[in-house]
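# Commentary on secondary and tertiary structure
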Amino acid sequence: MIRFAALLTVGVLGTALALSPAKTSPAHVATVPNSPLLDSLLHSDARLLPVVNRAEAYELQIIYTQINRDAQQRPTFVPHHFRLNARQYFNPASLVKLPTAALALEKLNDLSRPGLTRRSPMQTGVAFRCQTPAPYNPSPDSDQVNTVGNYIKRMLLVSDNHAYNRLYEFLGQGPLNARLAELGYPESRIVRRFAPCDTAANRYTNPIQFRSAATAEVVYQQPAAVNLHPLSLPLGRITKGRAHQAGGRIIPQPYDFTTANYLPLLSITSLLQAVLFPDALPAAQRLRLTATDYAFLRYYLHHTPHSSLYNMYKGSRYFDAYKKYLLYGRHPTATKEPGLRIYNIVGMSHGYLADVAYFADSTHQTEFMLSAVLYVNKDGIINDGAYEYETVGLPFLAALGQTIRQYESRRPRLVRPIPPDFTTPETIR
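Here's what I pulled together on the structure shown here. Values in this document were obtained by computation on a predicted structure and should not be read as measured data.

This part is about the overall build of the protein chain. Each helix and strand counted, the protein chain has twelve helices and 15 strands in total. Taken over C-alpha atoms, the radius of gyration comes to 21 Å for the protein chain, in line with the 22 Å a tight globule of 429 residues would show. Each principal axis of the C-alpha distribution contributes one length, and for the protein chain these read about 65 × 55 × 45 Å. The proportion of buried residues among the 429 residues of the protein chain is 55%. Contacts in the protein chain between residues far apart in sequence, at least 24 positions, make up 69% of those at least 6 positions apart.

What follows is the structure in structure tokens.
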């Protein structure tokens, strides 16, 4: 059981000592001191101790962000960190899908072509090795059509890799990373498709064509492109593990992540914050999105495949609490709690498991953000499929979310109602 009396005292002190609200652009220093409050919370629940007591071996990093609102409902963010270190590489896996989705919507706005929207049918061609086509496919079922909007739905609801590849190609490697740098994330790198393409092939992106959903006439054509200026490697050479599997055999050498995607935990936390709380940012750091764009992203960040009403994901494999690791783990029988919405993005690859989430609990009128990543690869072999996701990683994330949520329900603060954007039924699909 959590020792709440002591922890509430630490919580008040932790908030009082916070030098400033959490900044929405990541710190450019490698390590951040541990928060006494978060450290106490992590040691207060026996379910967390097997990982917390071996935090270095599990490469554990956590950010817990308290949210306090004033009388005008303006949020203040108070961060608490545990072992946060931007130079401790972890494979972000599907975490990169959130910035890719947001920047794809932003690009549509910037193009400002008549008839070009997130619902415009999209055709992807081929112009270089390792590229695959995605045809123009008109369909009476609008959910089946290849569009920016449908690709985003597939990415956020079930973490579809093919959909991510299409939007990575739409953005282009160079412009994608240049825009991330403009927004305050110069250390981030999104440089790979989720496909077995080499580093050079990932610099080349496909020709793309959009048509009008109403007339089928071409409304925008984007030629094949290449990033002529290879991006620098922020961390230098990165290797992990004692061995890796390739071509069906074990190679007794570490796996090389040097040219892989790189997105520090603070960066993706800040990006989620930027999508959910754009008004808390300086104007220069806001995404160029419309109110409808933000509502669209919010809808698919918190819905699960079934609750979203998206036609492609009605099967039983997509259970009620699908992809909400930081409270439910990955239990097919788990039922989502009424009054609680979790807006999140997850990553699971190469033994790394991450969840970055915002909790909006209308029952207790509490809200907070929680981000965590850990590495569960006991045998040290990468790509052998033998990871402890089910036995260690997912149970830890579920217990972590439950511990922080329980603390939040009793944390002393001025209770302000959560804005209706996060609690009322939505119409945006």
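The next thing to look at is the state of the cysteines. One covalent bond between the sulfur atoms of two cysteine residues makes up a disulfide. The full count for this structure, using the stated rule, is one disulfide. Linked covalently through their sulfurs, Cys130 and Cys197 form a disulfide whose S-S length is 1.9 Å. Looking along the S-S bond of the Cys130-Cys197 disulfide, the torsion reads about -90 degrees, which is the left-handed sense. Placement of the pair is Cys130 in the loop between β3 (122-124) and α5 (148-158) and Cys197 in the loop between α7 (173-182) and β4 (204-205), with a sequence separation of 67 residues.

Take unusual backbone geometry next. If you check the backbone angles, Ala216 has positive phi at about 70 degrees while not being a glycine. Secondary-structure assignment places Ala216 in the loop between β5 (208-211) and β6 (218-222). One non-glycine residue, Lys323, adopts positive backbone phi at about 70 degrees. In this structure, Lys323 sits in the loop between α10 (305-308) and α11 (325-328). Judged by relative accessible area, Lys323 falls into the buried class, the value being 6%.

Here we come to the packing of helix α4 (residues 97-111) against α5. Any two packed helices are characterised by the angle at which their axes cross and by the distance between the axes. The interhelical angle for the contact between α4 and α5, taken along N-to-C directions, is 165 degrees, at an axis separation of 10 Å. Compared by their axis directions, α4 and α5 come out roughly antiparallel. As α4 runs across α5, the sense of the crossing is left-handed. Taking contact as the criterion, the partners of Lys97, Thr100, Ala101, Ala104, Leu105 and Leu108 in α4 are, on α5, Val148, Ile152 and Met155. Grouping the amino acids of the contact of α4 with α5 by side-chain chemistry returns seven nonpolar, one polar and one charged.

The subject of this paragraph is the packing of aromatic side chains. What the rule picks out here adds up to 26 aromatic pairs. A ring pair is formed by Phe277 and Tyr358, whose centres lie 5.2 Å apart and whose planes are at 85 degrees; its orientation type is edge-to-face. On the criterion of sequence distance, the pair formed by Phe277 in the loop between α8 (265-276) and α9 (291-302) and Tyr358 in strand β13 (residues 352-361) is long-range, its members being 81 residues apart. We classify Tyr358 as buried; its relative accessible area is 0%. Through successive ring pairs, a cluster of aromatic residues spans Phe77, Phe277, Tyr343, Tyr358 and Phe422. We note Arg118 situated over the ring of Phe296; from NZ or CZ to the ring centre the distance is 4.1 Å. The positively charged end of Arg298 is found above the aromatic ring belonging to Phe422, 5.7 Å away from the centroid.

Scanning the model with the defined rule gives five cavities of 30 Å³ or more in all. Taken as a whole, the largest cavity encloses approximately 100 Å³ of empty space. Lining the largest cavity are 13 residues, with Ile67, Glu367, Arg413, Leu414 and Arg416 sitting closest to its centre. Elements with a contribution of two residues or more to the lining of the largest cavity: β1 (61-69) and β14 (366-375). Ranked by residues supplied to the lining of the largest cavity, first place goes to β1 with three residues. Here the residues of the lining of the largest cavity sort into four nonpolar, three polar and six charged.

Right, let's talk about the pattern of salt bridges for a bit. Throughout the structure, instances matching the rule amount to 19 salt bridges. With its nearest N and O atoms 2.4 Å apart, the salt bridge here joins Arg69 to Glu367. Residue Arg69 is located in strand β1, and its partner Glu367 is located in strand β14; the two are separated by 298 residues in the primary sequence. The pair Arg69 / Glu367 is uniform in exposure class, with both members buried. A salt bridge links Arg298 to Asp421, with the shortest nitrogen-to-oxygen separation between them at 3.9 Å. With a gap of 123 residues between them, Arg298 in helix α9 and Asp421 in the segment after α12 (389-408) connect regions that are remote in the sequence.

Further remarks concern the sheet that holds strand β10 (residues 249-251). Strands sit in the order β10-β9-β15 across an open sheet of three strands; the sheet is mixed. In this open sheet, the two strands that pair with only one neighbour each are β10 and β15 (381-382). Pairing geometry for strand β9 (residues 243-246) and β15, over two bridges, is parallel. Across the sheet, residue His244 finds its bridge partner in β15, namely Ile382.

For Leu394, the location among the structural elements is in helix α12. Residues Leu394 and Leu374, 20 residues apart in the sequence, show an inter-C-alpha distance of 9.9 Å.

Procedures and definitions
- Residues numbered from 1 in each chain as written.
- Predicted model: local features only at pLDDT ≥ 70, side-chain atom pairs only at ≥ 80, totals over all residues.
- Heavy atoms only, no water.
- Helix = DSSP H or I, 4+ residues; strand = E, 2+ residues; numbered from the N terminus.
- Rg over C-alpha atoms; globule rule 2.2 N^0.38 Å.
- Buried < 20%, exposed > 50% of the residue type's maximum accessible area, 1.4 Å probe, protein only.
- Contact = heavy atoms within 4.5 Å.
- Disulfide = S-S within 2.5 Å.
- Axes fitted to C-alpha atoms, helices over the stretch in contact; angles between N-to-C directions.
- Parallel < 35°, antiparallel > 145°, perpendicular 65-115°, else oblique.
- Left-handed = near helix turned anticlockwise from the far one by under 90°.
- Nonpolar A, V, L, I, M, F, W, Y, C, P; charged D, E, K, R; others polar.
- Phe/Tyr/Trp six-rings, centres within 6.5 Å; stacked < 30°, edge-to-face > 60°.
- Lys NZ or Arg CZ within 6 Å of the ring centre and 35° of its normal.
- 1 Å grid on protein atoms, 1.4 Å probe; cavity = no way out; pocket = protein on both sides within 12 Å on 5 of 7 lines; lining within 4 Å.
- Points joined across faces, edges and corners; volume = space filled by probe spheres on them.
- Salt bridge = Lys/Arg side-chain N within 4 Å of Asp/Glu carboxyl O.
- Pairing = 2+ DSSP bridges.

Nothing here speaks to function; it is geometry throughout.
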